[in-house]
Amino acid sequence: MASLSVKPGQRFTLPDWQNNSILISADAEQQRYNSHHIRQEGRALRNETGNQAKWDEHNSRTHLKDRIACVDKWREALARCLAEIELEIDALTKVKEAAENAIQAKNLCLDVAIECLTLRESRRDIDVVRDPVEEELLREVKVIEKTKKELQQRVDDAFRQLCLLKEARQQVISDHKHKVEALELDRQCMSFNPTSGNISFKVNPTRIPDGSTALSEWEQNSRCNKERAEAEIKASVDLRGAITLSIAQTNNELDAQRIATEFALRKRMRDMEAALNELRWQEQNTLDEIAEMEEEIRQLEEDIRKRTLDLKVAHTRLETRTYRPHIELCRDQAQYGLTDEVQQLEGIIRALQQKRTESQDALDALYRQLHRIRTDIGYKTNSLQLDNKCMDTRRKLVVSVQKFEPEVDAVNRTRDLPRKSQLEL
């Protein structure tokens, strides 16, 4: 009779089978629930992130627009300021040229006055006197020189102001150029969108570039450039007014009086002679001190030589005593004495050498001072000779004004200047 085949392995009960089916169904429902929850969260996240991205892009675009408007406003302000600077530079240049023309016009008056003084030098005998005409001519020469100096000072001020204006203009030009470039870049940023062909990922795009400045610094720099340019324009306008006034005043100051040049020259000569006497006295004392210092250096070198010989003797004694035999090679009082003597002599030699160095430096300083004194004596002697020549020249500036007839109209030449309307440009 054939036997029944039984499948080996574990046998589950019916409840186990039912529980397994229920567990699978429950797991499936839980997974579907989890999936549905994740889908809902993903949808909410997509909506939220999409809205956030759109808002951020809108916010960035708004900020770019505001920034472009702000930079463009400053660009226009700097452009207006630059135009004003250009106009002011042109106006100040014309006024400076007018002042230079006024200086040239004064040369004719000076030539006439000097010619009068030269002609009056031809007087002889009793007519060679210091009359009021000569005094007035001398005063006229001084006044003309004074007015020329004042006008030259105004010309120098105008030149310096022109340099300041051009420097301010250069800063404004640079700032204006930078703002134009910044506007170009920001407008290019405004044109970017997700479909642009030139967008890509960049390496560390959120980094702070080197040389970055704060917004307050940027505003302060732009404001400073504009305010400096406006300040220089205002200073230039004031200077133009002062130059115009100076031109008018110098034309009216030709009749002013000043102290005679001969008095100042004589006083200067007396001061120069006193200074020369003082320098000669200082020169002699310096020469004496140099001689004494050279003798002192010789004495120091002699002492160094003697102490060096003494040191050699002490060294030789110490070295000789090292050859004492056996027990005799002891550190006795003579050994200590010689050792102290060497140390003392070495210190003495160092001190003498230091003092010789200091003395040599002092001697070099004395020689330099002597050279300086002698150079100054040469300068002052030359100046005194020049003052003597000036005195001789000033004594020749005497002419007879009654015999002088002007060949040119000096007044009309001085009026060959830009008109008042031109000076007020």
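Bear in mind the structure is a predicted one, so any value in this text is a computation, not a measurement.

Caption draft 1: View of the overall build of the chain. In terms of helices and strands, the chain carries seven helices and zero strands. When the helices and strands of the chain are placed in sequence order, the string is α-α-α-α-α-α-α. Considering the chain as a whole, with its 425 residues, one finds that 26% of them fall into the buried category. Here the contacts in the chain between residues at least 6 apart in sequence split such that 92% fall between residues at least 24 apart. With the model as given, the accessible surface of the chain reaches about 30,100 Å², and the carbon-plus-sulfur share is 54%.

Caption draft 2: Up close: the UniProt feature "coiled-coil region" (unreviewed entry) in the chain. UniProt's entry tags residues 134-161, 269-310 and 342-369 with the feature "coiled-coil region" (unreviewed entry), counted in the numbering of this structure. Span residues 342-369 is 100% helix and 0% strand, its end C-alpha atoms 40 Å apart.

Caption draft 3: Region of interest: the side chain of Glu283. With respect to the secondary-structure elements, Glu283 resides in helix H4 (residues 261-321). Overall, the relative accessible area of 18% leaves Glu283 in the buried class. Side-chain polar atoms of Glu283 contact the side chain of Arg374, separated by 2.9 Å. Discounting chain neighbours no more than four positions away, the residues touching Glu283 are Leu370, Ile373, Arg374 and Ile377.

Caption draft 4: Here's a closer look at the nonpolar core. Ile85, Leu92, Val172, Ile243 and Ile247 are the most contacted members of the largest nonpolar core, which has 22 residues in total. Going through the elements one at a time, helix H1 (14-120), helix H2 (132-191) and helix H3 (215-252) are the ones with two or more residues in this core. The contacts of Ile85, once residues within four sequence positions are left out, are Leu165, Ala168, Arg169, Val172, Ala229 and Ile233. The next biggest cluster of nonpolar side chains, apart from the first, holds seven residues, and it includes Leu318, Leu338, Val342 and Ile349.

Caption draft 5: Local environment of the pattern of salt bridges. As enumerated under the stated definition, the model contains 19 salt bridges in all. Its salt-bridge partner being Arg75, residue Glu76 comes within 3.9 Å of it at the nearest N-O pair. Exposure remark for Glu76: the relative accessible area of 35% places this residue in the partly exposed category. Its relative accessible area of 22% is what places Arg75 among the partly exposed residues. Of the charged contacts in the structure, one is a salt bridge between Glu100 and Lys96, with a shortest N-O distance of 2.8 Å. One end of the pair is Glu100 and the other is Lys96, both in helix H1 and four residues apart, which spans about a single turn. Overall, Lys96 belongs to the buried group, its relative accessible area being 15%. The structure contains a network of salt bridges with shared partners spanning Asp72, Arg75, Glu76 and Arg187.

Caption draft 6: Focus on the environment of Tyr379. Relative to the helices and strands, Tyr379 resides in helix H5 (residues 333-396). Taking relative accessible area as the criterion, Tyr379 reaches 55% and is therefore assigned exposed. On a C-alpha basis, the gap between Tyr379 and Leu276 in space is 9.8 Å, while along the polypeptide they are 103 residues apart.

Caption draft 7: Up close: the packing of aromatic side chains. Per the stated rule, a full pass over the model turns up zero aromatic pairs. Residue placement shows Arg67 over the ring face of Trp218; its charged tip is 3.8 Å from the ring centre.

Caption draft 8: Up close: the environment of Ala168. With respect to the secondary-structure elements, Ala168 resides in helix H2. Measuring from C-alpha to C-alpha, the distance between Ala168 and Ile233 comes to 9.4 Å, with 65 residues separating the pair along the chain. Filtering out sequence-adjacent residues up to four positions away, Ala168 remains in contact with Ile85, Arg228, Ala229 and Glu232.

Caption draft 9: Structural detail: the environment of Ser236. Considering the arrangement of structural elements, one finds Ser236 in helix H3. The spatial distance from the C-alpha of Ser236 to the C-alpha of Leu165 is 8.1 Å, given a sequence separation of 71 residues. What Ser236 contacts, discounting residues up to four positions off in sequence, is Glu88, Leu92, Gln161 and Leu165.

Caption draft 10: Seen up close, the confidence of the model for the chain. Residues with a pLDDT of 70 or more make up 76% of the chain, whose mean pLDDT is 77. Residue range residues 255-262 is modelled with pLDDT below 50. Its contacts to residues more than four positions away, or to other chains, number 18 contacts. Segment residues 393-425 is flagged for pLDDT under 50; beyond a separation of four residues in sequence, or across chains, it makes 67 contacts in the model.

Caption draft 11: Region of the structure containing the side chain of Asp186. Take Asp186: it is sitting in helix H2. The charged side chain of Asp186 is buried without a salt bridge, its nearest counter-charge being Arg67 at 4.8 Å. In contact with Asp186, not counting residues within four places along its chain, are Leu64, Arg67 and Ile68.

Quick notes on the rules
Residues numbered from 1 in each chain as written. Predicted model: local features only at pLDDT ≥ 70, side-chain atom pairs only at ≥ 80, totals over all residues. Heavy atoms only, no water. Helix = DSSP H or I, 4+ residues; strand = E, 2+ residues; numbered from the N terminus. Buried < 20%, exposed > 50% of the residue type's maximum accessible area, 1.4 Å probe, protein only. Contact = heavy atoms within 4.5 Å. Areas by Shrake-Rupley, 256 points an atom, 1.4 Å probe, with all protein chains shown as cover. UniProt positions renumbered as here; feature names shortened; annotations may be inferred. Polar contact = N/O pair within 3.5 Å; in protein donor to acceptor, adjacent residues only side chain to side chain. Core = buried A, V, L, I, M, F, W, Y, C linked by side-chain atoms within 4.5 Å. Salt bridge = Lys/Arg side-chain N within 4 Å of Asp/Glu carboxyl O. Phe/Tyr/Trp six-rings, centres within 6.5 Å; stacked < 30°, edge-to-face > 60°. Lys NZ or Arg CZ within 6 Å of the ring centre and 35° of its normal. pLDDT = per-residue confidence, 0-100. Lys, Arg positive; Asp, Glu negative; His and termini not counted.

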